[in-house]
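So the chains spell out like this:
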Amino acid sequence: MSIDMNIVNSADEPRFAAFVAIDWGDSKHVWALQTAEAGRRERGEIEHNPEAVGAWVAMLSARFASQPVAVAIEQSRGPLVFMLGKYEQLHVYPIHPRAASQFRAALVPSGAKDDPGDAELLLDLLVHHRERLRRLNPDTEQTRLVQHLVEGRRKLVNEKTRQSNRLTAQLKLYFPQVLDWFDKIDSPLVADLLKRWPTLELLQKARPATVGTFFTQHNCRSQELIEQRLKA
């Protein structure tokens, strides 16, 4: 899913409490930060996952009392831009890789590239040449709502997977037959069966007719499949 973001002029920018530059990576991102007041610089890393990015943004929000923070990143779109775009206090300045490369070549004739150095160069570009950059604006309340809904759905899917994995691990220990009988462990059928007969011994004590009725009530209409399960 992609969400378009508008471009706004730097002349409309707010008073920033800090400036941050992020050098994007596949598994982790290197960042450099400069406060607006003291001007001192700091460096660090962020793991490439929504939870780590969210914790990092929460840290910035608490430290700078939810004041605006300018963020430069060497990509115009992608997962990290999407993650950062949903936070209202962050003002993202995408920097085209070609522009970053030319700026690097002008300041580092050797052409050497390293993540901490790249983050510092992007920060220089953000702090001293921001008038040449264009800022992304997540703009509408509807856009932010969609982003939050997408994030909420992702968390629910991850939680469902985590619970299914936990259930599978437990069934392997004391009731492995269920894993052979059903393709979807997270189905309402399996949940209800385990509530009613939590062990193989209890299920074996039930009358075949009772178990058959249970399957029928859960929309299992194949008599052949029911017979197979009863036999198993």
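Residues numbered from 1 in each chain as written. Predicted model: local features only at pLDDT ≥ 70, side-chain atom pairs only at ≥ 80, totals over all residues. Heavy atoms only, no water.

Novice: Give me the overall build of the chain: which residues, what numbers.
Specialist: Along the backbone of the chain there are ten helices and seven strands. Burial status across the chain gives 41% buried among its 232 residues. Within the chain, residue pairs in contact and separated by at least 24 positions form 55% of the contacts whose partners lie at least 6 positions apart. Summed over its atoms, the accessible surface of the chain is roughly 13800 Å², and 52% of this surface lies on carbon and sulfur atoms. (Helix = DSSP H or I, 4+ residues; strand = E, 2+ residues; numbered from the N terminus. Buried < 20%, exposed > 50% of the residue type's maximum accessible area, 1.4 Å probe, protein only. Contact = heavy atoms within 4.5 Å. Areas by Shrake-Rupley, 256 points an atom, 1.4 Å probe, with all protein chains shown as cover.)

Novice: Before we move on, could you go through helix 9 (residues 208–217) and cite the residues and values that matter?
Specialist: Within the span of helix 9, buried status applies to V211, G212, F214 and F215. Projected down its long axis, helix 9 shows its buried positions confined to an angular sector of 155°, all on one face. Those residues of helix 9 that are buried lie in contact with helix 7 (188–196), helix 8 (200–205) and helix 10 (223–231). After helix 9 finishes, the residue N219 shows a positive phi value of roughly 65°. (Arc of directions from axis to C-beta.)

Novice: Explain the nonpolar core to me, and be specific about the residues and the numbers.
Specialist: General note: in soluble globular proteins, nonpolar side chains tend to be found buried as a group. With 23 residues, the main nonpolar core has V20, I22, W56, L84 and L90 as its most contacted residues. Among the elements of the structure, strand 2 (18–23), strand 3 (28–35), helix 1 (50–63), strand 5 (69–73), helix 2 (79–85) and strand 6 (90–94) are those that each provide at least two residues to this core. Those residues in contact with L84 that lie beyond four places of it in its chain are I22, V53, W56, V57, V71, L90 and V92. If you look at the next biggest cluster of nonpolar residues, it comprises 19 residues, including W181, I185, L193 and L200. (Core = buried A, V, L, I, M, F, W, Y, C linked by side-chain atoms within 4.5 Å.)

Novice: Account for the pairing of strand 2, with residues named and values stated.
Specialist: Every other side chain in a regular strand lies on the same face of the sheet, so the side chains alternate between the two faces. The buried fraction of strand 2 amounts to six of the six residues, a majority that puts the element mostly inside the structure. Neither face of strand 2 is left uncovered, since the one carrying A18, V20 and I22 and the one carrying F19, A21 and D23 both have all their residues buried. Here strand 2 runs beside strand 3; their pairing, made up of six bridges, is antiparallel. Its bridge partner lying in strand 3, V20 is registered against L33. Here strand 2 folds back onto strand 3 in antiparallel fashion, the turn holding four residues. (Pairing = 2+ DSSP bridges.)

Novice: Lay out the pattern of salt bridges in plain terms, naming residues and giving numbers.
Specialist: For the coordinates displayed, the defined rule picks out nine salt bridges. Here E120 ties to R43 by a salt bridge, and the two come within 2.6 Å at their closest N and O atoms. Of this pair, E120 sits in helix 4 (residues 115–128) while R43 sits in strand 4 (residues 41–47), and the two are 77 residues apart along the sequence. Accessibility expressed as a relative area gives 13% for E120, which makes it buried. Put simply, R162 and E159 hold a salt bridge, and the shortest N to O gap is 2.9 Å. (Salt bridge = Lys/Arg side-chain N within 4 Å of Asp/Glu carboxyl O.)

Novice: Lay out the packing of aromatic side chains in plain terms, naming residues and giving numbers.
Specialist: For the coordinates displayed, the defined rule picks out nine aromatic pairs. Aromatic pair F16 and F19: ring centres 5.8 Å apart, planes at 70°, arrangement edge-to-face. What makes F19 buried here is its relative accessible area of 10%. An angle of 65° between the planes, with centres 5.7 Å apart, marks the rings of F214 and F215 as edge-to-face. For F215, a relative accessible area of 3% translates into the label buried. Three or more aromatic residues link up through ring pairs in this structure, and these residues are Y174, F175, W181, F182, W197, F214 and F215. In this structure, R229 packs its charged tip against the face of F215, placed 5.2 Å from the ring centre. (Phe/Tyr/Trp six-rings, centres within 6.5 Å; stacked < 30°, edge-to-face > 60°. Lys NZ or Arg CZ within 6 Å of the ring centre and 35° of its normal.)

Novice: Can you lay out the packing of helix 9 against helix 10 for me, pointing to particular residues and giving the numbers?
Specialist: Between helix 9 and helix 10, the shortest axis-to-axis distance is 10 Å and the interhelical angle comes to 135°. Taken together, the axis directions place helix 9 and helix 10 in an arrangement best described as oblique. The crossing of helix 9 and helix 10 is right-handed. Mapping the contact onto sequence places P208, V211, G212, F215 and T216 in helix 9 and I226, R229 and L230 in helix 10. A class-by-class count of the residues in the contact of helix 9 with helix 10 yields five nonpolar, two polar and one charged. (Axes fitted to C-alpha atoms, helices over the stretch in contact; angles between N-to-C directions. Parallel < 35°, antiparallel > 145°, perpendicular 65-115°, else oblique. Left-handed = near helix turned anticlockwise from the far one by under 90°. Nonpolar A, V, L, I, M, F, W, Y, C, P; charged D, E, K, R; others polar.)

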